[in-house]
Amino acid sequence: FPSHDTALYTASYLNQDNSQQILKMLTQNMFTNYLSTGMPQNVLFAHKHGQNLSLNVYSDSGIVFLNKRPYIISVMVEPRNLKGYEGEGYAKNLFKRIAEQVYSYMSTK
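All values derive from a computational prediction rather than experimental measurement. Starting afresh in each chain, residues are numbered from 1 along the sequence in its written order. For this predicted model, a pLDDT threshold of at least 70 governs which residues receive local features, and a threshold of 80 or more governs which side-chain atom pairs are given and counted, while totals over whole chains, interfaces and linings are taken from all residues. Computation of side-chain values: all heavy atoms of the structure, hydrogens and water removed.

A. Layout of the packing of aromatic side chains. Within 6.5 Å between ring centres, the rings of Phe, Tyr and Trp (the latter by its six-membered ring) count as paired, and their orientation is classed by plane angle as stacked under 30 degrees, edge-to-face over 60, tilted in between. Applying the stated rule across the entire model yields two aromatic pairs. On the numbers, 6.2 Å between centres and 85 degrees between planes, the contact of Tyr34 with Tyr58 is edge-to-face. Here the residue Tyr34 occupies a position in the loop between helix H2 (16-27) and strand S1 (45-52), and Tyr58 occupies one in strand S2 (residues 57-64), the gap between them amounting to 24 residues. Only protein chains enter the accessibility calculation, which uses a 1.4 Å probe. A residue is then buried if its area is under 20% of the maximum for its type, exposed if over 50%, and partly exposed in between. Given the relative accessible area of 0%, Tyr34 is considered buried. Tyr58 gets classed as buried once you look at its relative accessible area, which sits at 1%. Summarising the aromatic geometry, the rings of Tyr34 and Phe95 are spaced 4.5 Å apart at their centres and angled 15 degrees between planes, so their arrangement reads as stacked. Of this pair, Tyr34 sits in the loop between H2 and S1 while Phe95 is found in helix H3 (residues 84-108), placing the two residues 61 residues apart along the sequence. Considered together, Tyr34 and Phe95 belong to a single accessibility category, that of buried residues. Helix and strand definitions here come from DSSP, where helices need a minimum of 4 consecutive H or I residues and strands a minimum of 2 consecutive E residues; each element is numbered from the N-terminal end.

B. Broad picture of the nonpolar core. Counting 18 residues, the largest nonpolar core has Leu35, Val64, Tyr71, Ile73 and Phe95 as its most contacted members. Among the elements of the structure, S2, strand S3 (71-77) and H3 are those that each provide at least two residues to this core. Other than its neighbours up to four places away in sequence, Leu35 contacts Phe45, Asp60, Ser61, Ile73, Val75, Phe95 and Ala99. For our purposes a nonpolar core is just a set of buried Ala, Val, Leu, Ile, Met, Phe, Trp, Tyr and Cys residues, chained together by side-chain atoms within 4.5 Å. The contact rule is simple, with two residues in contact once any of their heavy atoms fall within 4.5 Å.

C. Broad picture of the pairing of S2. Within S2, seven of the eight residues are buried, which leaves the element mostly enclosed by the surrounding structure. Here, a strand pair is defined by DSSP locating no fewer than two bridges between the strands. As consecutive antiparallel partners, S1 and S2 are separated by four residues, and within that stretch Asn56 has a phi angle of approximately 60 degrees, a positive value. Linking two consecutive strands that pair antiparallel, namely S2 and S3, is a turn of six residues; a positive phi of about 65 degrees is found at Lys68 within it.

D. Spatial organisation of the sheet that holds S1. If you trace the three strands from one edge of the open sheet to the other, you get S1-S2-S3, paired in antiparallel fashion. Edge positions in the open sheet fall to S1 and S3, since each of these has one partner strand only. On average, each strand axis in the sheet is tilted by 5 degrees relative to the strand beside it, whichever way the strands run. As defined by bridge partners, S1 adjoins S2 across eight bridges and the pair is classed as antiparallel. Considered in S2, the bridge of Asn52 is made with Val57. Contacts between H3 and the sheet are confined to S1, S2 and S3, with S3 contributing the most and set at about 155 degrees to the helix. Note on geometry: axes are lines fitted to C-alpha atoms, helical ones only across the stretch in contact, with angles between N-to-C directions running from 0 to 180 degrees.

As structure tokens, then:
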């Protein structure tokens, strides 16, 4: 892993070995339905997703290891008037669009 992030990235909270181990686990996240859908498959993304179906809230946060320009992205979506599959579909689409736009911006700067 590149040797940078925030607390994990700089190993300022945990030691270097533990920070790298956590980052490794977060990059092996098999969940690819939210922010990762808007990024190229070859980009390393250490992330944690979440969803609360009873509150209709979806989230995904992580570190995108863009070559020479890593960044942190965090998005939480609450589709107010859409429930169930309709709400989750709306959230998935929004995650993808946001991730695409942010990645496009960050990769051209």
